Amino acid sequence: MRMNLFSKRLFERSFSLLILLLLILCIMNVVQAIEITDDRQVTVYFKQAPQRIVSVLPSLTESVCALGHCARLVGVDRYSNFPSSVRSLPQVGGSLDPGIEAIAALKPDVVLMSTSTRAAERLQALGIKVLAMNPDSQADVHRILLKLGQLLEVPNVEKIWREMDAGITAAAKTLPSSVKNWRVYFEVSTAPHAAGASSFIGETLTRLGVGNIVPANQGPFPKLNPEYIVRANPDLIMVSERGYASLPTRPGWSSIQALRENRVCVYSAAESDVLVRPGPRMAEAAAIMAKCLRSKVSTNEAGKEPSKESSNVSSRDSGKTI
């Protein structure tokens, strides 16, 4: 009788310990779970940090690598080309229209994309998790970097951001006060799409101390009527090599002061990639723009014809390169 009672109590204690252990494990799983709300206001849950990532936006590709997790990328869009290690990864199409089957074949834990990408719903229907981000401003870049840091469980993300931000400030300090009277037109694509004052590019120009012919109320990257640019008559133009070739033939553009005085910053494809991507290379972009601005000031002060300054941006299309 006593033996049966002892066995019963032992069983009850063992059962209670088992329940307690299961509760602890459940709590641990909840604690370790990651919850991210993307820019569609969709909340995505992960039991653990994703190990297989497909990125179909170059700036997000670069951000994952800047956070130290390039090795988790298993596929990228055709425009992701930095750092060089991502060039050997499978390409899944364009940023706006990635290949659904190509992505699914890579069995990703998550796909990172722009909110303008049309593939999100189709991927989700296949059970693939999607995080869509919209990096228009520098505040967006900061916020997205923090979200990716949370997703990848990276500590000290703020340190990375502070270094980026300090780099932009440092670039501004290299410029003379004489550039502060200049009004700049930054062409993102030959449509023409411009970088407005509210875009991350426009914000960098503001921090460098120059004006922008496109006010913030026109949006980050508005498509402009070419006559608007002629009327605005910018003091300096920043443009890709591809866009530069057509400037002299555009109706009315011969009257623009920047063209008459040869104050045009012409950026190579590699430089253009840096300039138009809202990510960890924004400080490098600021240094590229500052270098050109200094060259235009120095050549003008010397009474010489300003020379074209090379810089980098991949501006085939604002949607494709950002």
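We now turn to the structure provided with this report. All values reported here derive from a predicted model rather than from experimental measurement. All residue numbers here refer to positions counted from 1 along the written sequence of the relevant chain. pLDDT decides what is reported in this predicted model: residues at 70 or higher carry local features, side-chain atom pairs at 80 or more are listed and counted, and totals for whole chains, interfaces and linings draw on all residues regardless. With hydrogens and water excluded, all non-hydrogen atoms of the structure serve as input to the side-chain values.

### Here's the deal with helix α7 (residues 200-208)
We count it as follows: Only protein chains enter the accessibility calculation, which uses a 1.4 Å probe; a residue is then buried when its area is under 20% of its type maximum, exposed when over 50%, and partly exposed in between. In this description a helix means any DSSP run of H or I spanning at least four residues, a strand means any run of E spanning at least two, and both kinds are numbered starting from the N terminus.
What α7 keeps buried is the set F200, I201, G202, T204, L205 and L208. Positive backbone phi, at 100 degrees, marks G209, one or two positions downstream of α7.

### Topic: the nonpolar core
Across soluble globular proteins, nonpolar side chains show a tendency to be buried alongside one another. Rule in force here: For this analysis, a nonpolar core means a set of buried residues of the types Ala, Val, Leu, Ile, Met, Phe, Trp, Tyr and Cys, connected via side-chain atoms within 4.5 Å. Any pair of residues with heavy atoms lying within 4.5 Å of one another is described as a contacting pair.
Counting 62 residues, the largest nonpolar core has L112, L131, F186, M238 and Y267 as its most contacted members. Take this core: its biggest share by element is 10 residues, from helix α12 (residues 282-301). Among all residues touching M238, those that are not within four sequence positions of it are V184, Y185, F186, E187, L205, C265, Y267, M289 and L293.

### As for the state of the cysteines
How we decide: The disulfide criterion is simple: two cysteine sulfur atoms within 2.5 Å.
Considering all chains together, one arrives at 2 disulfides under this definition. For C65, the disulfide goes to C70, at an S-S distance of 1.8 Å. Of note, the bridge from C65 to C70 carries an S-S torsion of about 70 degrees and is right-handed in sense. Note on cysteine connectivity: C265 is disulfide-linked to C292, with sulfurs 1.7 Å apart. Judged by the sign of its S-S torsion, about -95 degrees, the cystine formed by C265 and C292 is left-handed. With C265 in strand β11 (residues 264-268) and C292 in helix α12, this residue pair connects regions lying 27 residues apart in the sequence. For the pair C265 and C292, a shared accessibility class is recorded, and that class is buried.

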